[in-house]
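The chain contents come next:
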Amino acid sequence: MAEVIAQEKQGGKQKKKLIRVDMTPMVDLGFLLITFFMFTTNFTKPNVMDLGLPAKGDPPSGPVVMDQKNQVTFILGKDNRVFYHQSNAADLNASNLKETDFSGIKISKIIAEAYKNAPKPENFTVIIKPTDEANYKNFVDMLDNLAIAKKERYGVADIKPWETKVYKDLVQ
C-alpha cells in the first residue's frame, strides 16, 4: 500500500522520509465500480409511435371532395391550446372555431360526436393542423386521443390562410 523510505543526508542533518503510495488497488477499485454501475444501470428502449401511412396502390383519380360534416379539423396552437371546426372557407368564423383542451377525454368525445353526425361514417376523417407555435407534445397527445377514439383515418395538413386569419383573431 504505502511505503516509507528513510534517507539520511550527509553532514549529520536530519533524516528525510519519502512516501510512495501504490495506486494499483485504487485502480482496481475504480474498475470494479465502473463494472458495477454498468451492470446495474437500466437501459431503456426508445418510445416509438406508429404512424398510419397510406396503403400502396394507385391514388384516386382527380381531387377528392370532402363534405365538411364528414370531417373534423383540429388546429393546434400555442400555449397548449387546441381549436376545432367542421366548416369550409366560406362558413368559418370566430363563432364556428371552438376551443377545447387536452384534459380528460374531451377531444375523444368531440371526435365521437362528429363521427356520429357524419353523413358517411365510412369516410369520416380527422384532420390535424399544427401551427408554427404548436409543440410536439400536443401533436403526440392528439394522436393519443385518436387512438382512444379508435379512429384510424386521419391526416396531418398545413393550416390554410383562411383558418389562420380566424385563428389569429381568436388568439389575440
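Up top is the structure.
As a starting point, this report considers the structure included with it.

What counts and how
- Residues numbered from 1 in each chain as written.
- Predicted model: local features only at pLDDT ≥ 70, side-chain atom pairs only at ≥ 80, totals over all residues.
- Heavy atoms only, no water.
- Helix = DSSP H or I, 4+ residues; strand = E, 2+ residues; numbered from the N terminus.
- Buried < 20%, exposed > 50% of the residue type's maximum accessible area, 1.4 Å probe, protein only.
- Contact = heavy atoms within 4.5 Å.
- Areas by Shrake-Rupley, 256 points an atom, 1.4 Å probe, with all protein chains shown as cover.
- Phe/Tyr/Trp six-rings, centres within 6.5 Å; stacked < 30°, edge-to-face > 60°.
- Lys NZ or Arg CZ within 6 Å of the ring centre and 35° of its normal.
- Patch = residues over 30% accessible without salt bridge, like charges linked within 9 Å, V, L, I, M, F, W, Y side chains within 5 Å.
- Salt bridge = Lys/Arg side-chain N within 4 Å of Asp/Glu carboxyl O.
- Axes fitted to C-alpha atoms, helices over the stretch in contact; angles between N-to-C directions.
- Parallel < 35°, antiparallel > 145°, perpendicular 65-115°, else oblique.
- Left-handed = near helix turned anticlockwise from the far one by under 90°.
- Nonpolar A, V, L, I, M, F, W, Y, C, P; charged D, E, K, R; others polar.
- Core = buried A, V, L, I, M, F, W, Y, C linked by side-chain atoms within 4.5 Å.
- Arc of directions from axis to C-beta.
- Pairing = 2+ DSSP bridges.

## Considering the overall build of the protein chain
Scanning the protein chain from N- to C-terminus turns up four helices and seven strands. Residues counted as buried form 25% of the 172 residues belonging to the protein chain. By sequence separation, contacts in the protein chain at least 24 residues apart represent 63% of the contacts at least 6 residues apart. Carbon and sulfur atoms provide 56% of the accessible area of the protein chain, an area that totals close to 13,100 Å².

## A few points about the packing of aromatic side chains
Evaluation of the coordinates by the stated rule reveals four aromatic pairs. A ring pair is formed by F36 and F37, whose centres lie 5.3 Å apart and whose planes are at 65°; its orientation type is edge-to-face. With a relative accessible area of 48%, F36 lands in the partly exposed category. One cation-aromatic arrangement involves K151 over Y115; the distance from NZ or CZ to the ring centre is 3.9 Å.

## Considering a nonpolar patch on the surface
Residues I19, V21, M23, M26, V27, L29, F31, L33, I34, F36, F37 and M38 make up a contiguous nonpolar surface patch of roughly 1,300 Å² in combined accessible area. It is helix α1 (residues 24-40) that provides the largest number of residues to the nonpolar patch, a total of nine residues.

## So, the packing of helix α2 (residues 106-116) against helix α3 (residues 136-148)
Taken N-terminus to C-terminus, the directions of α2 and α3 make an angle of 55°; their axes are 9 Å apart at the nearest point. By the angle between their axes, α2 is oblique relative to α3. Between α2 and α3 lies a crossing whose hand is right-handed. Contacts between α2 and α3 involve I107, S108 and I111 from the former and M142, N145, L146 and I148 from the latter. Residue composition of the contact of α2 with α3, grouped by class: five nonpolar, two polar and no charged.

## Observations regarding the nonpolar core
In terms of nonpolar packing, the biggest core is built from 19 residues, with V72, F74, I111 and M142 touching the most fellow members. Counting residues per element, the ones that place at least two in this core are β3 (71-76), β4 (82-85), α2, β6 (125-130) and α3. Setting aside residues up to four positions removed in sequence, V72 forms contacts with Y84, H85, Q86, I110, A114, F124, T125, V126 and I127. Counting six residues, the second-largest nonpolar core is a separate cluster that includes I75, F83, L92 and Y167.

## Considering α2
Taken as a whole, α2 has its buried residues at I107, S108, I110, I111 and A114. Take α2 and look down its axis: the buried residues cluster within an arc of 160°, on one side only. Seen from the buried face of α2, the exposed residues on the opposite side, beyond 90 degrees, are K109 and K116. Among the structural elements, β3, β4, β5 (98-100), β6 and α3 are those in contact with the buried residues of α2.

## A closer look at the sheet that holds strand β7 (residues 154-156)
Sheets are built from strands paired through backbone hydrogen bonds, the pairs being either parallel or antiparallel. Overall, mixed pairing links the five strands, which are arranged β5-β4-β3-β6-β7 in an open sheet. Of all strands in the sheet, those bounded by a partner on one side alone are β5 and β7. Between one strand axis and the next, the sheet turns through 25° on average, direction left out of account. The pairing of β4 with β5 spans three bridges and is antiparallel. Paired with F83 across the bridge in β5 is E99. The strands that α3 touches are β3, β6 and β7; relative to β6, the one it contacts most, it runs at about 170°. Running at roughly 130° to β4, helix α4 (residues 161-171) makes contact with β3, β4 and β6 of the sheet.

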